[in-house]
Amino acid sequence: MVAETAAVDTRNSEWDSWRWQLSNSITTLDALKDHINITPEEEEVFRKVGEKYVFRVTPYYLSLIDKKDPNDPVRLQAIPNIKELDDVFHIDQLASFHRSGVDSENPLWKEGKTEVSCIVHRYPDRVLFHITNLCAIYCRHCSRKVRAGRNAIVSNRDLIDKGIAYIAERPEIRDVLLSGGDPLMMGDNKIEYALSRLRHLPHVQIIRIGTRTPVTMPQRITPEFCQMIKKYHPIWINTHFNHPNEVTPEAKLAIERLLEAGVPVGNQSVLLKGINDSVEVMKELVHKLLMARVRPYYLYHADLVRGAEHFRTSINTGLHIIESLRGHTTGFAVPQYVICTPLGKTPLNPNYLIGSGPGYITLRNYEWRTWKDPDRLD
Ligand code: SF4
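Conventions used here
Residues numbered from 1 in each chain as written. Predicted model: local features only at pLDDT ≥ 70, side-chain atom pairs only at ≥ 80, totals over all residues. Heavy atoms only, no water. Helix = DSSP H or I, 4+ residues; strand = E, 2+ residues; numbered from the N terminus. Buried < 20%, exposed > 50% of the residue type's maximum accessible area, 1.4 Å probe, protein only. Contact = heavy atoms within 4.5 Å. Areas by Shrake-Rupley, 256 points an atom, 1.4 Å probe, with all protein chains shown as cover. UniProt positions renumbered as here; feature names shortened; annotations may be inferred. Polar contact = N/O pair within 3.5 Å; in protein donor to acceptor, adjacent residues only side chain to side chain. Core = buried A, V, L, I, M, F, W, Y, C linked by side-chain atoms within 4.5 Å. Pairing = 2+ DSSP bridges. Axes fitted to C-alpha atoms, helices over the stretch in contact; angles between N-to-C directions. Near = heavy atom within 4 Å. Nonpolar A, V, L, I, M, F, W, Y, C, P; charged D, E, K, R; others polar. 1 Å grid on protein atoms, 1.4 Å probe; cavity = no way out; pocket = protein on both sides within 12 Å on 5 of 7 lines; lining within 4 Å. Points joined across faces, edges and corners; volume = space filled by probe spheres on them. Right-handed = clockwise from strand over helix to strand, strands pointing away. Phe/Tyr/Trp six-rings, centres within 6.5 Å; stacked < 30°, edge-to-face > 60°.

Caption draft 1: How the structure looks around the overall build of the protein. Of the regular secondary structure elements, the protein holds 13 helices and 12 strands. Across the 378 residues of the protein, 52% fall into the buried class. Of the contacts formed within the protein by residues at least 6 apart in sequence, a portion of 75% connects residues at least 24 apart. Summed over all atoms, the accessible surface of the protein reaches about 18100 Å², with 53% contributed by carbon and sulfur.

Structure below.
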């Protein structure tokens, strides 16, 4: 029998302050028990998993959990699970396929490493600029879960300068993605420092920011932040909604502010077992995103990461979802399904070109009606 717990008090006068959300984040089992029901078994799990992976959740994100539902989709993303300690099979199998060069925790990390610790340079014209390893919550499915939140690193000016110097020396870089952790864990001054230095480099055409704060701590998107960021356009933001329950009035307000500041907002979901691996959930999510004027951009096949393998579905599950969206809803509601490997991002698509012959191709549509179309022979 578990005692009833108090709901998260969303009427607190400081609720809308992101600094308050951060300083009142829940990071311990005792604090968590004040808010949601935890069984004695889960307490034990929490302790064991906590020895390996960091835990943190904002009061806001915690308030989205239906505390009576152990399979609540927000809960599954935020609260430690014993399965995080069981995931060993596929990552070890991958290592044995390739014999060498596979990181034992996350095979994606080695690719694109540079001599500057905060810069990953995998594609010639763009770089990933890791500006902090802190996040508002530590998502249980995170592909950087071994590093996120460990030995808190918020880039100091020296590290930012080193990253900028790397970019400045390479005129082929036209696109910089500020990432983390979550770059919006830094204060506006520090973010502005990085943006203004980047904007002095004539070859940097666009700056992208990857942040989950519109989902996990929407209070971070303040009018002041938006005023600041609009000075450095073109800026694009990609965020990370995984479930329709995350598209709340607070999240929509954060998006609205970004859009009003002229920042296009895209979404990158991760396909997660038990959370959004059904057509119904994914369709509701993309429809809610469109209503909030967020473009569903990528659907990532969950990365092969130790501690998060249990979230991985089969590729067929993802293809079935895409197949069930394409033609059945607005075209730009359908994200591009991709898988990341050490060689880069690879698109995965159902096949609509189902045959060909001399001078023709055979296509099928979303209802499996077929059509022969003439094709050039050259
Ligand atoms: S916010 Fe992003 S980087 Fe941070 S833990 Fe979640 S998925 Fe990982």
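Caption draft 2: Spatial organisation of the UniProt feature "binding site: [4Fe-4S] cluster" (unreviewed entry) in the protein. Per the UniProt record, "binding site: [4Fe-4S] cluster" (unreviewed entry) is found at Cys135, Cys139 and Cys142. On the accessibility criterion, Cys135 (13% relative accessible area) is buried. With residues up to four places along the chain from it excluded, the contact list for Cys135 reads Arg56, Gly181, Asp182 and Met185. Structurally, Cys142 can be placed in the loop between strand S2 (126-130) and helix H7 (157-168).

Caption draft 3: How the structure looks around the environment of Asn351. By secondary structure assignment, the location of Asn351 is in the loop between strand S9 (344-347) and strand S10 (353-357). Considered as a pair, Asn351 and Leu319 are 32 residues apart in the sequence and their alpha carbons are 9.6 Å apart. There is a polar contact of 3.2 Å between the side chain of Asn351 and the backbone oxygen of Leu353.

Caption draft 4: Quick look at the nonpolar core. Phe129 and Ile167 are the most contacted members of the largest nonpolar core, which totals 80 residues. With residues up to four places along the chain from it excluded, the contact list for Ile167 reads Ile119, Val127, Phe129, Ile173, Val176, Leu198, Leu201, His203 and Val204. Listed in part, the 12 residues of the second largest apolar core include Ile275, Tyr300, Val305 and Val338.

Caption draft 5: The sheet that holds strand S12 (residues 370-374), seen in detail. With antiparallel pairing, 3 strands are arranged side by side in an open sheet as S10-S11-S12. Unpaired on one side and paired on the other, S10 and S12 mark the two borders of the sheet. Direction aside, the axes of adjacent strands within the sheet are offset by 25° on average. Inspection of the sheet shows strand S11 (residues 360-364) paired to S12 by 5 bridges, in the antiparallel sense. Paired with Leu363 across the two strands is Trp371, which belongs to S12.

Caption draft 6: Structural context of the site of the ligand. In the vicinity of the ligand, the contacting residues are Cys135, Ile137, Tyr138, Cys139, Cys142, Gly181, Arg212 and His240. Classifying every residue of the shell around the ligand gives 5 nonpolar, 2 polar and 1 charged.

Caption draft 7: Quick peek at empty space enclosed by the protein. For the coordinates displayed, the defined rule picks out 1 cavity of 30 Å³ or more. The space that makes up the largest cavity amounts to roughly 40 Å³. Every residue lining the largest cavity is listed: Asn267, Ser269, Met282, Leu285, Val286, Leu289, Pro296, Tyr297, Tyr298, Leu299 and Pro335. In terms of residue class, the lining of the largest cavity is built from 9 nonpolar, 2 polar and no charged.

Caption draft 8: Local environment of the pairing of strand S4 (residues 206-210). Where burial is concerned, most of S4 is hidden: 4 out of the 5 residues are buried. Pairing of strand S3 (residues 175-179) with S4 involves 4 bridges; the strand directions are parallel. Bridge assignment links Val176 to a residue of S4, and that residue is Ile207. The β-α-β motif built from S3, the intervening helix H8 (residues 188-199) and the parallel element S4 has right-handed crossover chirality.

Caption draft 9: Region of the structure containing the packing of aromatic side chains. Scanning all chains against the criterion turns up 4 aromatic pairs. Taking 5.0 Å as the distance between ring centres and 75° as the angle between the ring planes, the aromatic pair formed by Phe46 and Phe55 counts as edge-to-face. Of the residues examined, Phe46 reaches a relative accessible area of 10% and is grouped as buried. For the ring pair Tyr297 and Tyr298, a centre distance of 4.2 Å and an interplane angle of 40° mean the geometry is tilted. Using a relative accessible area of 33% as the deciding quantity, one classes Tyr297 as partly exposed.

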